[in-house]
Amino acid sequence: MDHLAIIGAGSVGTAIAFAALNGGVARRLSLHDLNGAKAKAEVLDLRHGLQFVRPTTIEGGDDVAVCAGADVVIITAGAKQRPGETRLDLAARNAGLFRSLLPPLMAVAPDAKILVVTNPVDVLTQLTVDVTGRHDGTVLGSGTVLDSSRLRHLLALRYCIAERHIHASVVGEHGDSETVLWSSATIGGSPLAEVETHDGQLLDAVARAEILDQVRNAAYEIIAGKGATSWGIAMATAQILEALDQTAQAAVLPVTAPLDPGLGLGELCISLPRLVDATGAGRILPLSATDAEREALTASAGAVRDIIDNIR
Ligand code: NAD
């Protein structure tokens, strides 16, 4: 793409900038942060690596005008989880920020696809859809792309099989109510339920619950240790960015974006595996789920809906 803009030059925004630069995603990269000195310092630091990546123009500052004409704007600005705080507790704090940030952003970058990363990502993606009036997939959020990568990593350890050969998705809220579509998970094309782990076991209900618990709590563990999560979300976001640049072939990623009303989950943003390409978040793939999985997904949609109703 020509121009990628990132709002928020904190742990997540700068890690995304680093991943995007190394991936050669954009010819121009802009960083905007209310803290202009921080944005400018990060720009300088990144520029000093330009010898080692594809030619890129990097700029930044405290004026949202640096995002002018962007093809994609990633929003990472906002408060982050305090130790022990849930993502949904963050909602009210960050909703106010989005309401003031979006109108000037829309004025300078009216055609940009907006990729929300700030938490709670489902709620803030829905708020961005509401404020911009865009229900066409050009507003989307990173959703459970990171959570699904965490899941695949934990499964990779159990099976001693590389993550890329494991197809399994975390769906629903990016947060405490998220769930796994175990029944449609495959390894190298075989149903996961029929493949033995490296110590010769089938993954029983206890092991599945343990893995889901680890996925749900991964962020808390990292925040307790280093104050923020950054590298995993940056690599997940770089993958979404790559998809947003593709016109010929879509990727399948569990991003959060407006749901198809036909799914019966309500009109809100949560994650399900769906097509992502240069047009934004597209068609949701047919949902293959057991009754219990569908129930968990419905409960997760309800949890997100409650928070959306609270901040509207
Ligand atoms: P951080 O505090 O390091 O950075 C946030 C930055 O936003 C700060 O530099 C701050 O100055 C800036 N900012 C605040 N208000 C602004 C505004 N109105 N305009 C421009 N800049 C503004 O936080 P972080 O660790 O980078 O986390 C950022 C967000 O990303 C948090 O909400 C966090 O929960 C979220 N996050 C999401 C995921 C995910 O999977 N979706 C993963 C990790 C973190």
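Look above for the structure.
Owing to the predicted nature of the structure, the values given are computational and were not obtained by experimental measurement.

Draft legend 1. Quick look at helix H2 (residues 36-47). Along its twelve residues, H2 runs 16 Å from first to last C-alpha, staying within 8% of the 16 Å computed at 1.5 Å per residue. Where H2 is concerned, the buried positions are Gly-36, Ala-39, Glu-42, Val-43 and Leu-46. In a view along the axis of H2, the buried residues occupy a sector of 130°, so they form one face of it. Of the exposed residues in H2, the ones pointing more than 90 degrees away from its buried face are Ala-37 and Asp-45. Of the surrounding secondary structure, the elements contacted by the buried residues of H2 are helix H1 (11-23), strand S2 (28-32) and strand S3 (57-61).

Draft legend 2. Region of the structure containing the side chain of Asn-94. Locating Asn-94 in the fold gives a position in helix H3 (residues 91-108). Given the relative accessible area of 1%, Asn-94 is considered buried. The residues contacting Asn-94, other than those within four sequence positions of it, are Gly-78, Ala-79, Thr-118, Asn-119 and Leu-124.

Draft legend 3. Representation of the sheet that holds strand S15 (residues 274-277). One open sheet holds the three strands; their spatial order is S12-S15-S16, and the pairing between them is antiparallel. A strand with exactly one partner marks an edge of an open sheet, and here the two such strands are strand S12 (251-253) and strand S16 (280-284). The mean angle between the axes of side-by-side strands here comes to 40°, regardless of whether they run parallel or antiparallel. The pairing of S15 with S16 spans three bridges and is antiparallel. Across the sheet, residue Val-276 finds its bridge partner in S16, namely Ala-281.

What counts as what
- Residues numbered from 1 in each chain as written.
- Predicted model: local features only at pLDDT ≥ 70, side-chain atom pairs only at ≥ 80, totals over all residues.
- Heavy atoms only, no water.
- Helix = DSSP H or I, 4+ residues; strand = E, 2+ residues; numbered from the N terminus.
- Expected span 1.5 Å × (residues − 1).
- Buried < 20%, exposed > 50% of the residue type's maximum accessible area, 1.4 Å probe, protein only.
- Arc of directions from axis to C-beta.
- Contact = heavy atoms within 4.5 Å.
- Pairing = 2+ DSSP bridges.
- Axes fitted to C-alpha atoms, helices over the stretch in contact; angles between N-to-C directions.

Function cannot be inferred from these measures alone, as they are strictly geometric.
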